[in-house]
Every structure is written in structure tokens, then in C-alpha cells.
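Observations on chain architecture
Spelled out, the chains give:
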Amino acid sequence: MDRFELFLSGIHSIYRNIQQIKSAEMEELGLKGTHFLCLYYLHKSEIPLTPVQLSKKCLLDKAAISRIIKQLIEKNLVFYEEATEKRRYRNALSLTSKGKQITEVFMDRINVALSKGGKGLTEEERSIFYSCLTKIKNNLQEIVDDGGVL
């Protein structure tokens, strides 16, 4: 197998496995992976985030974020810090106590998945892997930023 095929099949397989695990875990709560992305970034942030900020962090368009936020509010997982109806895209969102609880459960499950996924790797190998992955991601992003043409 050549480098391109190994890289592409490896990345694709890892991504597909992550999606399947994420879907199975989220299904029990009636949530989707995109819901969890929003919950994750709200949990990770030290300050409440606006829908625009969430959109950028989740790499989703504003319309998708708007739909997701509406669903998360209906499930009592997030709330707007300010109760005004006008310009909601500027109002910051936070997790409810139920949202925090669910997110913490999934963070624990993520840690288990990462442990199982990295089973057999030394700390040095793990460090090298993430360093290489970051370099590849950044190099490919440069190509995209330059118009995607080599």
C-alpha cells in the first residue's frame, strides 16, 4: 500500500469509527454528534459563547448552529445568558446543570475511548503522533488557504 492510500484509508477509517462511536453514545439521549460539539465547546470554554463563536469552533454554518441551539434549549441543556429575543446571535449561551451533567458523562466516555484507541502506545509515541498530526493538518490547511491548488 502506498503512502497516499495508507494515509487516506487510515484517516477515513478513524473518522468513520469515531462517528459510529459518537452516534451510538449520543443515541441514548436523542442527541447527535453536532449537538455534542456545541455542548463540548460550551463546557470547555471559561466564558459563555455566542452562536457565532460556536459556529466557528464547531466548523458549522450559522443556520445549522441556530437549529442545534434551538434543539438543545428544548432539551433543557443550554440557555441564553440574556433573555432578550432580539439579536440572539449576539447573546451568550451557557450549559444548564443538566447540560453540564450530560457533558461530563460524555467527557468520561471520550477519555475511555481515547484510552482504548491509544492502547499499546507509549507516551512518547502518543506525543509524536499528535505532533505529526498537527503538522499535517496545518500543512494541508495552508494549501486550502492558498486556494487548494498545488
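Residues numbered from 1 in each chain as written. Predicted model: local features only at pLDDT ≥ 70, side-chain atom pairs only at ≥ 80, totals over all residues. Heavy atoms only, no water.

A closer look at helix 3 (residues 51-58)
- Taken as a whole, helix 3 has its buried residues at P51, L54, S55 and C58. One side of helix 3 holds all its buried residues, which, seen down the axis, span an arc of 105°.
- Of the surrounding secondary structure, the elements contacted by the buried residues of helix 3 are helix 2 (33-44), helix 4 (62-74), strand 1 (78-80) and strand 2 (93-95).
- Of the residues one or two after helix 3, L59 is the one with positive phi, at around 60°. (Buried < 20%, exposed > 50% of the residue type's maximum accessible area, 1.4 Å probe, protein only. Helix = DSSP H or I, 4+ residues; strand = E, 2+ residues; numbered from the N terminus. Arc of directions from axis to C-beta. Contact = heavy atoms within 4.5 Å.)

Quick word on the pattern of salt bridges
- As enumerated under the stated definition, the model contains 2 salt bridges in all.
- With a shortest N-O distance of 2.6 Å, E25 and R109 are connected by a salt bridge. Pair noted here: E25 is in helix 1 (residues 3-27) and R109 is in helix 5 (residues 97-117), with a separation of 84 residues, a long-range link.
- Judged by its relative accessible area of 30%, R109 falls in the partly exposed class. (Salt bridge = Lys/Arg side-chain N within 4 Å of Asp/Glu carboxyl O.)

Taken by themselves, the reported measurements are silent on function.
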